[in-house]
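Descriptive analysis of the structure
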Amino acid sequence: MTDVADPPVSPARVAVVQFDPQVGLDNRAANTDRALSLATRAAQDGATLIVLPELSTTGYSFRDRSEAYEHAEGVPDGATVKAWESFAREHGVHLVGGLAERDGVRLYDTAVLVGPDGYVGRYRKTHLWNREKLWFTPGDLGFPVFETPIGRIGLLICWDIWFPEVPRLLALQGADIICSVNNWVWTPPPIFDETGRCMASYLTMTAAHVNNVFIAAANRVGTDRGARFLGCSLIAGTNGWPIGQVAGAEEETILTADIDIVSARSAPIWNQLNDLVRDRRGDLYDPMLGYTMGQAAPR
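Residues numbered from 1 in each chain as written. Predicted model: local features only at pLDDT ≥ 70, side-chain atom pairs only at ≥ 80, totals over all residues. Heavy atoms only, no water.

1. Structural notes on the environment of Ala257
The test is simple: Only DSSP runs of H or I reaching four residues or more are called helices, and only runs of E reaching two or more are called strands; each is numbered from the N terminus.
On the secondary structure map, Ala257 appears in strand 13 (residues 253-260). In this structure, the C-alpha to C-alpha distance between Ala257 and Ala236, residues 21 residues apart in sequence, is 9.2 Å.

Here is the structure:
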């Protein structure tokens, strides 16, 4: 008798959008329009989950705190989230994107998730990189995982991937897929290996592998007031390997992958004797790493 694979429970075409947003109030409309133009191409190609880069509407390189404030807006009541909601409703998709959020006197580097029914939730960047610390407040929402019709979605932002606790805590809370919005910048060399992948590519692949979770990582390209960005967007499978190609360092592009999102829930069972969740030594350390802003999801 031939084994027949189970039909997909939550089939999705995931798309990550890599493009070049520019800082400056005069560029905000163009940034938003370009992002949604590329997202429209992805949706027309069948994408049902689309991921944009970090700070995709504002660009990255603010001159000072005052300029960062000028670029920021409310969530979910600001114009950008409203535009994303309209897009998601029109195309029947889920969309994740990064923006500068203003909440009272505080600024946050924020990722927002919207769907066909509107606003779903937000994540505020926990680990701030370099000069981000001079205008953004570290995130105060923990690491939420959002229940959606297509599966459980977790969010992280850029520098967060260097902290293995972040994808681990998202996975422990049941994330089926992690959407990673990024502005990975050039760092001291070597920047790329002989395959053209940067360290952030490997960190993403490793996080997907050790947590057996899909990760859709969207980075930007180009130069923004002297800061240069790495590209290297990718979609990693639950085994860690990229599904398809890793994007180049210069190109504006859209990467897509067809997956069954909730198949991640059985991915930790590797064989008869190895189960990633069961094999963790929770008797030696706190199973949730001391995290108290969420609960472990039952298997």
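Moving on from the coordinates now.
2. Some details on unusual backbone geometry
What counts here: Summary of the burial criterion: residues with accessible area below 20% of their type's maximum are buried, those above 50% are exposed, and those between are partly exposed, where the area comes from a 1.4 Å probe applied to protein chains only.
Note that the residue after Val75, namely Pro76, is joined by a cis bond; omega there is 10°. Tracing the backbone shows Pro76 in the loop between helix 2 (65-71) and helix 3 (79-91). That bond from Pro189 to Pro190 is cis: its omega, 0°, falls within 30 degrees of zero. Topologically, Pro190 is positioned in the loop between strand 8 (177-181) and helix 5 (199-211). Of note, Arg225 is a non-glycine position whose phi angle comes to about 50°, a positive value. For Arg225, a relative accessible area of 37% puts it in the partly exposed group. In the Ramachandran plot, Cys232 falls in the positive-phi region, its phi being about 65° despite a non-glycine side chain. Among the structural elements, Cys232 can be located in the loop between strand 11 (227-228) and strand 12 (234-236).

3. Regarding the pairing of strand 8
Note the cut-off: Pairing between strands is defined by DSSP: at least two bridges between them are needed. Note on handedness: a crossover is taken as right-handed if, strands pointing away from the viewer, the path from the first strand over the helix to the second is clockwise.
Most of strand 8 sits inside the fold, with five of its five residues counted as buried. Going residue by residue along strand 8, you find Ile177, Cys179 and Val181 tucked away on one face and Ile178 and Ser180 tucked away on the opposite face as well. Relative to strand 8, strand 7 (residues 151-157) runs parallel, the two sharing five bridges. By the bridge assignment, Ile153 is partnered in strand 8 with Ile177. Between strand 7 and its parallel partner strand 8, the chain crosses via helix 4 (residues 165-172), and the hand of that crossover is right-handed. Sheet topology places strand 8 next to strand 9 (residues 214-218); five bridges connect them, and they run parallel.

4. As for the pattern of salt bridges
What counts, and what does not: The rule for a salt bridge is simple: a side-chain nitrogen of Lys or Arg has to be within 4 Å of a carboxyl oxygen of Asp or Glu.
Evaluated as defined, the whole model comprises 21 salt bridges. Here Arg228 and Glu250 are joined by a salt bridge, their closest N and O atoms 2.8 Å apart. Residue Arg228 is found in strand 11, and its partner Glu250 is found in the loop between strand 12 and strand 13; the two are separated by 22 residues along the sequence. Using a relative accessible area of 52% as the deciding quantity, one classes Glu250 as exposed.

What is shown is where atoms sit, not what they do.
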